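If you want the building blocks of each chain, they are given just below.
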Amino acid sequence: MTQKKKKKKTMKKKSPAKQILAWHFVKEDLVPASCTKGIKAFVGQVRKHKGPLALCESGLHASIKPLDALHYATSTTVCRVVCSGRVHRGTDKLVCSNRKVLAIVDTTEMLQEFSRWCALQVIHLWDAPPVVKEYLLTGDKSRRAAAEDAAWAAWAAAGDAAAWAAGDAARDAARAARAAAQDVAYAAGNAAGAAGWAAVGAAAWAAAGVAAYAAQDAFITKCNKQLEKRLLKLIKKGGSRAV
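Fair warning: this is a prediction, and the values are worked out from it, not measured in the lab. (Residues numbered from 1 in each chain as written. Predicted model: local features only at pLDDT ≥ 70, side-chain atom pairs only at ≥ 80, totals over all residues. Heavy atoms only, no water.)

1. Notes on empty space enclosed by the protein
Consideration 1: Counted according to the given criterion, the structure contains 1 cavity of 30 Å³ or more.
Consideration 2: What the largest cavity holds in volume is close to 30 Å³.
Consideration 3: Every residue along the wall of the largest cavity is listed here: His-24, Val-26, Pro-32, Ala-41, Gln-45, Arg-47, Arg-99 and Val-101.
Consideration 4: Contributions of two or more residues to the lining of the largest cavity are made by β1 (20-26) and β5 (94-106).
Consideration 5: Among the residues forming the lining of the largest cavity, the class breakdown is 4 nonpolar, 2 polar and 2 charged. (1 Å grid on protein atoms, 1.4 Å probe; cavity = no way out; pocket = protein on both sides within 12 Å on 5 of 7 lines; lining within 4 Å. Points joined across faces, edges and corners; volume = space filled by probe spheres on them. Helix = DSSP H or I, 4+ residues; strand = E, 2+ residues; numbered from the N terminus. Nonpolar A, V, L, I, M, F, W, Y, C, P; charged D, E, K, R; others polar.)

2. Some remarks on the side chain of His-61
Consideration 1: With respect to the secondary-structure elements, His-61 resides in strand β3 (residues 60-62).
Consideration 2: Looking at His-61, the relative accessible area reads 14%, which means it is buried.
Consideration 3: Of the polar contacts made by the side chain of His-61, one reaches the backbone nitrogen of Cys-56; its length is 2.9 Å.
Consideration 4: The contact partners of His-61, leaving out residues within four places of it in the chain, are His-24, Ala-54, Leu-55, Cys-56, Lys-93, Leu-94, Val-95 and Arg-99. (Buried < 20%, exposed > 50% of the residue type's maximum accessible area, 1.4 Å probe, protein only. Polar contact = N/O pair within 3.5 Å; in protein donor to acceptor, adjacent residues only side chain to side chain. Contact = heavy atoms within 4.5 Å.)

3. Digging into the layout of surface pockets
Consideration 1: Volume-wise, the largest pocket comes out at about 570 Å³.
Consideration 2: Elements supplying a minimum of two residues to the lining of the largest pocket: β1, β2 (46-48) and β3.
Consideration 3: For the lining of the largest pocket, the per-class residue count stands at 12 nonpolar, 8 polar and 6 charged.
Consideration 4: Reported here for the second largest pocket is a volume of approximately 290 Å³.

4. A few points about the confidence of the model for the protein
In low-pLDDT segments, the atomic positions of the prediction should not be examined closely.
Consideration 1: Residue-level pLDDT values for the protein average 75, and 64% of them are 70 or greater.
Consideration 2: Note that residues 190-196 has pLDDT below 50 and, in this model, 22 contacts with residues that lie over four places away or in other chains.
Consideration 3: Here residues 205-211 is modelled with pLDDT under 50, and outside its nearest four sequence neighbours on either side it reaches 13 contacts, counting other chains as well. (pLDDT = per-residue confidence, 0-100.)

5. Description of the environment of Val-95
Consideration 1: Residue position: Val-95 is located in strand β5.
Consideration 2: Sequence separation between Val-95 and Ala-54 is 41 residues, and the spatial gap between their C-alpha atoms is 6.9 Å.
Consideration 3: Each residue touching Val-95, except ones within four places of it in the same chain, is listed here: Leu-53, Ala-54, Leu-55, Ser-58, Gly-59, Leu-60, His-61, Arg-86, Val-87 and His-88.

6. Structural notes on a negative patch on the surface
Consideration 1: There is a patch of like negative charges on the surface, built from Glu-28, Asp-29, Asp-106 and Glu-109.
Consideration 2: Turning to its location among the elements, Glu-109 is positioned in helix α2 (residues 108-120). (Patch = residues over 30% accessible without salt bridge, like charges linked within 9 Å, V, L, I, M, F, W, Y side chains within 5 Å. Areas by Shrake-Rupley, 256 points an atom, 1.4 Å probe, with all protein chains shown as cover. Salt bridge = Lys/Arg side-chain N within 4 Å of Asp/Glu carboxyl O. Lys, Arg positive; Asp, Glu negative; His and termini not counted. Charge placed at Lys NZ, Arg CZ, Asp CG, Glu CD.)

7. Topic: the nonpolar core
Note on soluble globular proteins: their nonpolar side chains tend to be buried together.
Consideration 1: In this structure, Leu-70, Phe-114, Cys-223 and Leu-227 are the most contacted members of the largest nonpolar core, which totals 20 residues.
Consideration 2: For this core, the elements supplying multiple residues, two or more each, are β1, α1 (66-71), β5, α2 and α8 (212-239).
Consideration 3: Counting 14 residues, the second-largest nonpolar core is a separate cluster that includes Val-26, Ala-41, Ala-62 and Cys-83. (Core = buried A, V, L, I, M, F, W, Y, C linked by side-chain atoms within 4.5 Å.)

Structure representation (structure tokens):
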């Protein structure tokens, strides 16, 4: 009579939880805008959500791209976070069940510089007034009001000219390009002022054409890379703080 060999039980190795690096802006008092309990963020904080996940409704939110996070900003204070556990992704943000704060930085001055940098990337595409160029290059606050007025006037003029001169396809592309450019700098506008994004918007109209859709994607990608580079440099420099 032969004995059956017992099969050895093998334990399945659990794969490590997927972790996603992201960005999350908080209010000036370090409380997330969606937090009703008044819990302040601090370096090393780990928050967990046990309920269902729903974008804009339930869970812990963040954005992988810094420019996307900036659209939801209520202040200039941003957290570098790592998201894990259950994760649902949307177009420009995600919601997760676990979120850990790795660093917290105040980005006020950096966003002022970033907004001007965005506008300077397309300054060659339109006939920018001298005062606008001066403000974007130097950041001289005494020239900011004059630069804003000049940029708005130039934007309006460029917009009217493009609208009348362009055909339907080009006009639609112009609007898309202007919207994309406006989103980039307007997100930083609370800190940087309107001159930067008004200038970008005017440039978008001036550069509008059948290739505008491709141009706006390249522009957004370029700005995202630059913003993340500046944020990581700020963190490395020692801008993070614990509360």
